[in-house]
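Below, each chain spelled out in residue letters.
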Amino acid sequence: MIPKTLEEIANYIVRDGKGILAADESTGTIEKRFKSIDVESTEDNRRKYREMLFRSPAMAEAIGGVILFDETLRQKASDGNYLREVILDHGSLPGIKVDQGVKELESGSNEKITTGLDGLHERCQEYDKLGAKFTKWRAVIHVSDDLPSDKCIRENMNALAEYALIAQQNNMVPIVEPEVIMDGSHSVERCHVVTNQVLLILFEMLDKKNVNIKGTLLKPNMVVSGTENSYQATIQEVANKTIQCLKSSVPDELPGIVFLSGGQSDLDATAHLDAMNKIGGFKWKLSFSYGRALQQAALKTWAGNDSKLEAAQMAFSHRAIMNMKAAEGQWDKSLEN
Ligand code: 13P
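Residues numbered from 1 in each chain as written. Predicted model: local features only at pLDDT ≥ 70, side-chain atom pairs only at ≥ 80, totals over all residues. Heavy atoms only, no water.

**Details of the pairing of strand β1 (residues 19–23)**
Summarising burial for β1: 5 of the 5 residues are buried, a large majority. As paired strands, β1 and strand β2 (residues 63–68) are joined by 5 bridges and run parallel to one another. Following the sheet pairing, Ala23 is matched in β2 by Leu68. The sheet contact formed by β1 and strand β10 (residues 285–290) spans 2 bridges and is parallel. By the bridge assignment, Ile20 is partnered in β10 with Ser289. (Buried < 20%, exposed > 50% of the residue type's maximum accessible area, 1.4 Å probe, protein only. Helix = DSSP H or I, 4+ residues; strand = E, 2+ residues; numbered from the N terminus. Pairing = 2+ DSSP bridges.)

**Examining the sheet that holds β1**
Spatially, β1-β2-β3-β6-β7-β8-β9-β10 is the arrangement adopted by the 8 strands of the closed barrel, whose pairing is parallel. The strands that helix α8 (residues 150–169) touches are β6 (134–141) and β7 (173–180); relative to β6, the one it contacts most, it runs at about 175°. Along the sheet, helix α12 (residues 292–302) contacts β1, β2 and β10; its crossing angle with β1, the most-contacted strand, is approximately 60°. (Contact = heavy atoms within 4.5 Å. Axes fitted to C-alpha atoms, helices over the stretch in contact; angles between N-to-C directions.)

**Quick word on the site of the ligand**
Taken together, 13 residues form the shell around the ligand, and within it Lys136, Lys219, Ser261, Gly262 and Arg292 come nearest. Backbone polar atom of Gly262 to an oxygen atom of the ligand: 2.7 Å apart, as the coordinates give it. With respect to the ligand, the backbone of Gly291 contributes an N or O atom lying 2.8 Å from an oxygen atom. For the ligand, whose accessible area on its own is 300 Å², the fraction buried by protein is 91%. Taken together, the residues that form the shell around the ligand break down as 3 nonpolar, 4 polar and 6 charged. (Near = heavy atom within 4 Å. Polar contact = N/O pair within 3.5 Å; in protein donor to acceptor, adjacent residues only side chain to side chain. Areas by Shrake-Rupley, 256 points an atom, 1.4 Å probe, with all protein chains shown as cover. Nonpolar A, V, L, I, M, F, W, Y, C, P; charged D, E, K, R; others polar.)

**Quick notes on unusual backbone geometry**
Geometrically, the link from Leu147 to Pro148 is a cis peptide bond, its omega value of 5° lying close to zero. The residue Pro148 is located in the loop between β6 and α8 in this model. Even without being a glycine, Asp16 presents a positive backbone phi close to 50°. Of note, Asp16 is situated in the loop between α1 (6–13) and β1. Residue classification places Asp16 among the exposed positions, given a relative accessible area of 51%. Notably, Ala303 is not glycine yet its phi reads approximately 45°, a positive angle. On the secondary structure map, Ala303 appears in the loop between α12 and α13 (309–327). Assessed through its relative accessible area of 36%, Ala303 is described here as partly exposed.

**Focus on the packing of aromatic side chains**
Enumeration over the complete set of coordinates arrives at 6 aromatic pairs. Pairing Tyr49 with Trp302 gives two aromatic rings, centres 5.4 Å apart and planes at 25°, and the pair type is stacked. On the criterion of sequence distance, the pair formed by Tyr49 in helix α3 (residues 43–54) and Trp302 in helix α12 is long-range, its members being 253 residues apart. Take Tyr49 and Trp302: they sit in the same class, and that class is buried. (Phe/Tyr/Trp six-rings, centres within 6.5 Å; stacked < 30°, edge-to-face > 60°.)

**Comments concerning the nonpolar core**
Counting residues in hydrophobic clusters, the biggest one holds 98 residues, and the most contacted among them are Phe54, Met157 and Leu218. Those residues within four positions of Met157 in sequence are excluded, and the remaining contacts are Ala139, Ile141, Pro178, Val198, Ile201, Leu202 and Met205. The next biggest cluster of nonpolar side chains, apart from the first, holds 15 residues, and it includes Ala22, Leu93, Val173 and Ile175. (Core = buried A, V, L, I, M, F, W, Y, C linked by side-chain atoms within 4.5 Å.)

**Here we look at the packing of helix α7 (residues 120–130) against α8**
Running from N to C, α7 and α8 cross one another at 40°; their axes reach a closest spacing of 9 Å. Judged by the angle between their axes, α7 and α8 are oblique. At the point where α7 passes α8, the crossing takes the right-handed sense. The segment α7 lies against α8, with Leu120, His121 and Cys124 engaging Tyr163, Ile166, Ala167 and Gln169. (Parallel < 35°, antiparallel > 145°, perpendicular 65-115°, else oblique. Left-handed = near helix turned anticlockwise from the far one by under 90°.)

**Observations concerning the pattern of salt bridges**
The final tally for this structure, using the stated rule, is 22 salt bridges. With a shortest N-O distance of 3.1 Å, Lys48 and Asp306 are connected by a salt bridge. Here Lys48 is found in helix α3, whereas its partner Asp306 is found in the loop between α12 and α13, with 258 residues between them in sequence. The salt bridge involving Lys278 is made with Asp274; its shortest N-O contact spans 2.5 Å. Taken as a pair, Lys278 and Asp274 lie in helix α11 (residues 266–279) at a separation of 4 residues, close to a single helical turn. Connected through shared salt-bridge partners, Asp44, Arg47, Glu51, Arg55 and Asp79 make up one network. (Salt bridge = Lys/Arg side-chain N within 4 Å of Asp/Glu carboxyl O.)

**Some thoughts on α8**
Relative to the 28 Å expected for 20 residues at 1.5 Å per residue, α8 spans 29 Å between its end C-alpha atoms, a close match to the ideal helical length. Within the sequence span of α8, burial applies to Cys152, Ile153, Asn156, Met157, Ala159, Leu160, Ala161, Tyr163, Ala164, Ile166, Ala167 and Gln168. Tucked inside the fold, the buried residues of α8 contact α1, β5 (112–114), α7, β6, β7 and α9 (188–208). (Expected span 1.5 Å × (residues − 1).)

Right under this line is the structure:
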């Protein structure tokens, strides 16, 4: 039974330790990923790679939703069925990225504002008809000694709230993704402060626009050290700080928090999620919406070689199951072997 209401859809996606596969790389980003394995980014190669993921054995068990790029929502699988139907056949829901990337916040600024509100209502009407059950919009927040600016946070969170309302008006659950970027020399404490501030303003804006929080999912970064910082927070520190940050900014009624991986290694992304769920003591489901941390191993295994498609499915399935265990606080490093 496909869930119908916003609240049913949101809860369905994160039920029983399930999480989200973020396979919504834009044409430019997937080209970069394919370049790393020396594969040309043709429409057919993108179809083949993504169909491999969607038909992998762990889909039904571990993946409650898949975020797609526009092309994939309209694309057919090798057997002539739509890829979105392949996803539904595995008991998972198709979703769609609806933002249109970022531009300079203002001329000469190092900060970004996400675009895509123009015509969003009309695009959402079509995506709803095509069968998308949820949507995603990503805002990007860079950290340095004097960034982010208040303007950057407020304008991005306002756009996220406006987007969320439009998605809900079109029967689709909004995933709101405010990503505080890991790149930089900032400390884990600074990441904590900025993430907290961003989330407080986001929920203030969602509330102001009367977005139904029970029919919304949050996709945040974890609280981690900047990649160039000389001190890298431990797994336990990241888990403690992230939980503390979320508890002070996210309402209990939100059904689920699905983290982005943001450049973390596959193992770190799993270990962090597991450590948080082992701490417990929160009302929301705490799960994953990983792109790179779910796909990296499969992408490398496939490397454009048709004889490796099955091995790539096994690599993807392993990561998906490991993250499902982590979403239940049941992961252990020994399971990786
Ligand atoms: P990563 O997990 O690779 O950060 O991707 C998640 C995503 O959807 C970014 O918008």
